[in-house]
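Structural overview for review
Here is how the chains run, residue by residue.
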Amino acid sequence: MSIVSSRISSVASILKTPGSRSSLLDQPKRIRFKLPDDLRNVLLNYENGTDCQMYKDLVCILRDSNLNNNELLSLLSDVQQCITLLNERHRILIEALLNISWTDRSLEVTTAYKRFVEELLVAHVYHSKLVMEKLIQKFKPVNSSDPEWENGKPRSEDLQRLNHVHDILQRCLHVIPMCHDVLMQSLMSTYPHMSLGTHSHELYVYALLQITEYAPQMRRAIMHLIVNRLVELDANASPSDIHSYEDDDDDDDEEDDEKMEEDIDGAIFNLEVNQDEKLSVEKTKKETKHPIARTLDVCMEQMFAFIHDSCYVDGKLDIELMKTMYNDLLNIFEELILPFSGHHVQYLLFYLCSFKSAVVEAFVKFLWQKISNPNVPHFLRQQSVAYVVGLLARATFIPLNLLQGILADMANWIHSYIYSQDSFECVNNDIRVHIVFYSICQGLFYLLAFRHKEIMNGKKNLLFLQGLNLNKIVSCRLNPLKVCQSAVVQNFAAVTRKYQLAYCYTVIEHNSRSNLPVYNMKALTTITLDPFFPFDPYLLQRSEQRICHLYYNSQCMTLNVESPKNNQYEDDDDFIDESFSPDTNSHSYLEKFSYGTSPGFVHT
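What you are looking at is a predicted structure, and each value in this text was computed from that prediction instead of being measured.

1. So, the overall build of the protein
Helices and strands together make up the secondary structure of the protein, namely 28 helices and two strands. Residue burial in the protein is summarised as follows: out of 604 residues, 47% are buried. A sequence separation of at least 24 residues applies to 77% of the contacts in the protein between residues at least 6 apart. For the protein, the exposed area adds up to about 31500 Å²; of that, 50% sits on carbon and sulfur atoms.

Put into structure tokens, the structure is as follows:
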């Protein structure tokens, strides 16, 4: 036999014949190691360059091996004796030590590990950034596939891990005050991306809010960070997206829902299911389905609970705590929420305003100061008008005197603006020049139409409204009825005509005729205000329970008045058509949803 053939046959026999060597290869790999007896010499030899291999072996052992409790205790004891040697040159070793899984160990091990981290930072503060980053990583799920918490309640294993980490952080912040800034930077850089699952966000937000308990000086910064990320989530979960996503899933879930109901009925028949189980099933069916909106929903519920618990002590409202929370939230609102045309995040301040009338009065005063300040950019003044009007229209906790006071302020400002324009021979027809004027006019019209039942109840209130001189506003040269949203104009016209406060239909007809196309001329387009209503109906199912009882639902409002005869607006005088049943799959519903649901009027 040739040498080549003999080699082939021998190789073939090795591959085919299962022997002791192949059985050993099939067994799981186990790394056998021995920790160094003298850690100090290992560190010194590495620094001197005389022996680097032992140092590298130690790092590999820490990275690849699962030390038992006794081995880890022995190692931590040796490390603490050499703590002064762990300078910046030993970053790789310190990183390996910080990567060790320790939160699920015995009490003796966790205590020794916390002492090691504390002594390390006291001796070498320049390691604080690395230490903070590694500790904050514990705020994330161990496995990316971990399910969400049931009913928002943390699991025991998550609480155990978080409590250990918070214990170290509290010690470090107490011993080294400069760690506050380092911790805040680590919290920002480690925050989960919005594409990650809901559980990653709920765990991280929960952990961040726990920090405020032992580091209250960091509360505003932490809340600012959370709200900033919630704004990003809100921007990627528009109402139309939420509705379309749920509509797509409804068709797929109908069969599952029917089967679930059959199972429940069977269980009730056989086992008499209790009421709590029925409610839990109903709650499960109401969970938000849009993935980003679901994450936003869970985090909003955590923020609502945090705001409530920060203001109430033993079930009683603490005024001083509420003031502190209001100042923190107001600062965040001015910086993050006011410039952003969102849908849900602003309800954090809406919720806080419901605690006491003094809060909502202070908030409205703050917004009105921005509106009436000519040095504030026009966009922020418009946004402030929208927030004032939306809050006064939607909140059930608004006192009547506050509502009337804002109406008087708006009317006085409008009349002053009209007077200033009347002094000129000609008026600038560019809407952008008068954008704040038109925004305030639309806000005034909207509030009068939306809350007319409360505002116009009683002779004294009607006398107050007559003093607003609405006829002067609707008939002025700036012609606000032409620029304001059509639905607001139509309902304002209906209300004011019924109570004989103003007659708008002559101006409306004139505006409609001026917009008619003319032969051999390009089609004319009517410029109207952008429809932004910050307190649109709240669509997040879980956290909605905090808002629904504070929210004024316009669907119960109807106004039946006789329309002017021979008028093209005969069918447009009324408020919501109660027979309106939206078809969410149609384009017309999306148009109505984008505006109609907020002011509560049928979009015309």
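Resuming the write-up.
2. What to know about unusual backbone geometry
Negative phi characterises most residues that are not glycine, and trans characterises most peptide bonds. The backbone of Asn151 shows a phi angle near 60°, a positive value even though the residue is not glycine. Here Asn151 is to be found in the loop between helix H8 (128-136) and helix H9 (156-175). Unlike most non-glycine residues, Asn469 shows phi in positive territory, near 55°. As for its position among the elements, Asn469 is in the loop between helix H23 (459-466) and helix H24 (470-474).

3. What about the pattern of salt bridges?
Overall, the coordinates contain 20 salt bridges when judged by the stated rule. A salt bridge links Glu118 to Arg171; the nearest nitrogen and oxygen atoms lie 3.8 Å apart. Placement of Glu118 in helix H7 (residues 107-123) and of Arg171 in helix H9 is noted, with a sequence separation of 53 residues between them. Classification of Glu118 by relative accessible area gives partly exposed; the value is 23%. For Arg171, a relative accessible area of 29% corresponds to the partly exposed category. The salt bridge involving Arg477 is made with Asp422; its shortest N-O contact spans 3.8 Å. Within this pair, whereas Arg477 is found in the loop between H24 and helix H25 (480-483), its partner Asp422 is found in helix H20 (residues 400-422), the two being separated by 55 residues in sequence. One continuous salt-bridge network, built from bridges that share partners, spans Lys114, Glu118, Asp167 and Arg171.

4. Section: the nonpolar core
Of all hydrophobic cores here, the largest spans 184 residues; its most connected members are Phe139, Leu187, Phe350, Leu352, Phe363, Leu391 and Phe437. The element that contributes the greatest number of residues to this core is helix H21 (residues 435-450), accounting for 13 residues. What Phe139 contacts, discounting residues up to four positions off in sequence, is Leu162, Val165, His166, Leu169, Leu187, Leu203, Tyr204, Ala207, Leu208 and Ile211.

5. A closer look at the packing of aromatic side chains
Per the stated rule, a full pass over the model turns up 28 aromatic pairs. Relative to Tyr551, the ring of Tyr347 has its centre 6.3 Å away and its plane inclined at 50°; by these criteria the two rings are tilted. Of the two residues, Tyr347 sits in helix H17 (residues 347-353) while Tyr551 sits in the loop between helix H27 (505-514) and helix H28 (587-595), which places them 204 residues apart along the sequence. Its end group placed over the ring of Tyr552, Arg451 keeps NZ or CZ at 4.6 Å from the ring centre.

6. Some details on the side chain of Asp158
Within the secondary structure, Asp158 is located in helix H9. For Asp158, a relative accessible area of 4% translates into the label buried. Filtering out sequence-adjacent residues up to four positions away, Asp158 remains in contact with Trp149, His199 and Leu203.

7. Some thoughts on the environment of His378
Tracing the backbone shows His378 in helix H19 (residues 378-394). Put simply, His378 and Arg432 are 54 residues apart on the chain and 9.2 Å apart in space, counted from C-alpha to C-alpha. Setting aside anything within four residues of it in sequence, one finds His378 in contact with Arg432, Val433, Ile435 and Val436.

Definitions and limits used
- Each residue is numbered by its place in its chain's sequence as written, counting from 1.
- In keeping with the model being predicted, local features are shown solely for residues with a pLDDT of at least 70 and side-chain atom pairs are shown and tallied solely at 80 or more, while totals for entire chains, interfaces and linings include all residues.
- Calculated side-chain values reflect all of the structure's heavy atoms, with hydrogen atoms and water omitted.
- For the purposes of this entry, the term helix denotes a DSSP run of H or I that reaches at least four residues, the term strand denotes a run of E that reaches at least two, and both are numbered from the N terminus.
- The classification of residues rests on relative accessible area computed with a 1.4 Å probe and restricted to protein chains. Under 20% of the type maximum is buried, over 50% is exposed, and intermediate values are partly exposed.
- Should any heavy atoms of two residues lie within 4.5 Å, those residues are considered in contact.
- All accessible areas in this document rest on Shrake-Rupley with a 1.4 Å probe, and a residue is counted as covered only by the protein chains that are shown.
- Each reported salt bridge corresponds to a side-chain nitrogen of Lys or Arg within 4 Å of a carboxyl oxygen of Asp or Glu.
- Think of a nonpolar core as a cluster: buried Ala, Val, Leu, Ile, Met, Phe, Trp, Tyr and Cys residues, connected wherever their side-chain atoms sit within 4.5 Å.
- Geometry of aromatic contacts follows a simple scheme: Phe, Tyr and Trp rings, the Trp one being its six-membered ring, pair when their centres are within 6.5 Å, and the pair is stacked under 30 degrees between planes, edge-to-face over 60, tilted otherwise.
- Criterion for a charge above a ring: Lys NZ or Arg CZ within 6 Å of the ring centre, and within 35 degrees of the ring normal.

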